[in-house]
Amino acid sequence: MPEPDATSHDTPEQQGPRARPRGRIFQTSTMTAMLEGVYEGTTTIAELRRNGDFGIGTFDRLDGEMIVLEGRCYRLRADGSAGEADLATRTPLAAVTYFHGEHDWRITEPTDAAGLRTMIDNWLPTPNLFYAVRVDGHFDHMVTRMLPEQHRPYPRLIDAVAGQIISTHTDLHGTFVGFRSPSHMLGVAAAGYHLHFISNCRTRGGHAYDFVLRSGRVRVDVGYELFLRMPRTQDFRCAQLGRGDIAGEIEAVLQGGPKP
C-alpha cells in the first residue's frame, strides 16, 4: 500500500487497517495529565493496535506496564502476572507507531543506561524530533519497576511511585521498547528516553531505569508527526495541568521517585 502523503490530514484510523505509515506517532493523553492522577482509561487496546505495532503505555488505573511489540500488546502487572492484554482493556496513556527500523546499529561492548543513551544521541541527526527506539540484546543487569493498581481518590503520580514494585534481573535476553522525545515537547511526553523492557520469554520486565547491556542491536525510527488524542473525562477537564516543577517530577517518576 502506498505510504500516506506527508501533507495528509487524515487521522491514523482513516488510513485503514493495512496502512503502516512511517514517522507517525499516535498518543493518547499526556504526561502532565498522568502527573495529576488522570488514570482512567479512555482508549482501548484495539484502537491502539489500529494505529501502531510498537509502543509503550500503562493500563486503566495504572494496573500494569504496557509493551506493544510486533503487533502484540503485553501487560506486566505488579503482582507478577504477565500476558497479552485483552483488546477491550483501556489505557489512560500510551504511544504507538508502526516500527520499520530505518536506522540500525550494533552494540558489541558492555554499556550502562547512561552510556547507551549518549551513544544513541550521538547517532541521531537532531534532538528536536521524536524517535522510536528498539534495543534487542543480552543484559547482564536489569532493574525494572511496576506500579500497583490505583484506587480513588487517585494520588498524584509522584506519590503513586512510592508504592512501586522493583525487580532486579541478571543474565537476561530481551527487548527495550520506547521513545526518545524532544525537550520542547516536555509535558506532552517525557522529554528524553522513556523505555519499557520485556524478556524474550514475555514474562518479565516493566519500566526500565537501570541496566547493563552486554551486547545487542539498536534500531531507531524518526517521528515527524504526532497525533494526540485528549481524554474526554471529567478528571481531565478538572485537572490542574502544568503546575509545579514538571521537569523535575517527570525525571523523578522515570528514575524511581524522589531521591533522599
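Please read all numbers here as calculations on a predicted model, not as lab measurements.

Colleague: Explain the pairing of strand β3 (residues 54–58) here, please?
Modeller: Side-chain positions along a regular strand alternate between the two faces of the sheet. Counting buried residues in β3 gives 5 out of 5 residues, a clear majority hidden from the surface. Relative to strand β8 (residues 94–97), β3 is paired through 4 bridges, and the arrangement is antiparallel. Residue I56 lies in a different strand from β8, and its bridge partner there is A95. The sheet contact formed by β3 and strand β4 (residues 65–69) spans 4 bridges and is antiparallel. Across the sheet, the residue bridging to I56 is I67, located in β4. Counted along the chain from β3 to the antiparallel partner β4, the turn is 6 residues long, and its residue R61 has a positive phi close to 65 degrees.

Colleague: Explain helix α3 (residues 113–123) here, please?
Modeller: In an α-helix, one turn spans 3.6 residues, which is why side chains three or four residues apart end up on the same side. What α3 keeps buried is the set A113, L116 and I120. Buried residues of α3, viewed axially, fall in a sector of 65 degrees; they line one side. As for α3, its buried residues are in contact with β9 (103–107), β10 (111–112), β11 (130–146), β13 (192–199) and β14 (205–223).

Colleague: Teacher, can you tell me more about the environment of D60 here?
Modeller: Note on placement: D60 falls in the loop between β3 and β4. Residue classification places D60 among the buried residues on the basis of a relative accessible area of 16%. Other than its neighbours up to four places away in sequence, D60 contacts Y39, E40, G41, R90, T91 and P92.

Colleague: Is there a simple way to think about the pattern of salt bridges in this case?
Modeller: Between side chains of opposite charge, a pair can form when the charged atoms approach closely. Scanning the model with the defined rule gives 20 salt bridges in all. We note a salt bridge from D60 to R61, for which the minimum N-O separation is 2.7 Å. Between D63 and R77 there is a salt bridge, and its shortest N-O distance comes to 3.2 Å. A residue pair is termed long-range when its members are at least 10 positions apart, and D63 in the loop between β3 and β4 and R77 in the loop between β5 (72–76) and β6 (82–84) qualify at 14 residues. Taken together, the salt bridges that share partners define one network made up of E36, R156, R243 and E249.

Colleague: Please explain the nonpolar core as it appears in this structure.
Modeller: A general trend in soluble globular proteins is that nonpolar side chains are found buried together. Grouped together as the largest cluster of nonpolar side chains are 22 residues, with contacts concentrated most on L116, I120, V133, F176, F211, V218 and V220. Take this core: its biggest share by element is 6 residues, from β14. Counting 18 residues, the second-largest nonpolar core is a separate cluster that includes M34, L35, L93 and V253.

Cut-offs used in this document
- Note on numbering: residues in each chain are counted from 1, in written sequence order.
- Per-residue local features are limited, in this predicted model, to residues with pLDDT of at least 70; the limit for side-chain atom pairs, both in listing and counting, is 80 or more; totals at the level of whole chains, interfaces and linings are taken over all residues.
- Excluding hydrogens and water, the side-chain figures rest on all heavy atoms present in the structure.
- Buried residues are those whose accessible area, probed at 1.4 Å on protein chains only, stays under 20% of the maximum for their type, while exposed residues exceed 50% and partly exposed ones sit between those limits.
- Starting at the N terminus, helices and strands are each numbered in turn, a helix being any DSSP run of H or I of at least four residues and a strand any DSSP run of E of at least two.
- Note: two strands are recorded as paired if DSSP finds a minimum of 2 bridges between them.
- Arc, as used here, means the arc of the directions from the helix axis to the C-beta atoms.
- The contact definition used throughout considers only heavy atoms, calling two residues in contact when any of these lie within 4.5 Å.
- A carboxyl oxygen of Asp or Glu within 4 Å of a side-chain nitrogen of Lys or Arg is what we treat as a salt bridge.
- For our purposes a nonpolar core is just a set of buried Ala, Val, Leu, Ile, Met, Phe, Trp, Tyr and Cys residues, chained together by side-chain atoms within 4.5 Å.

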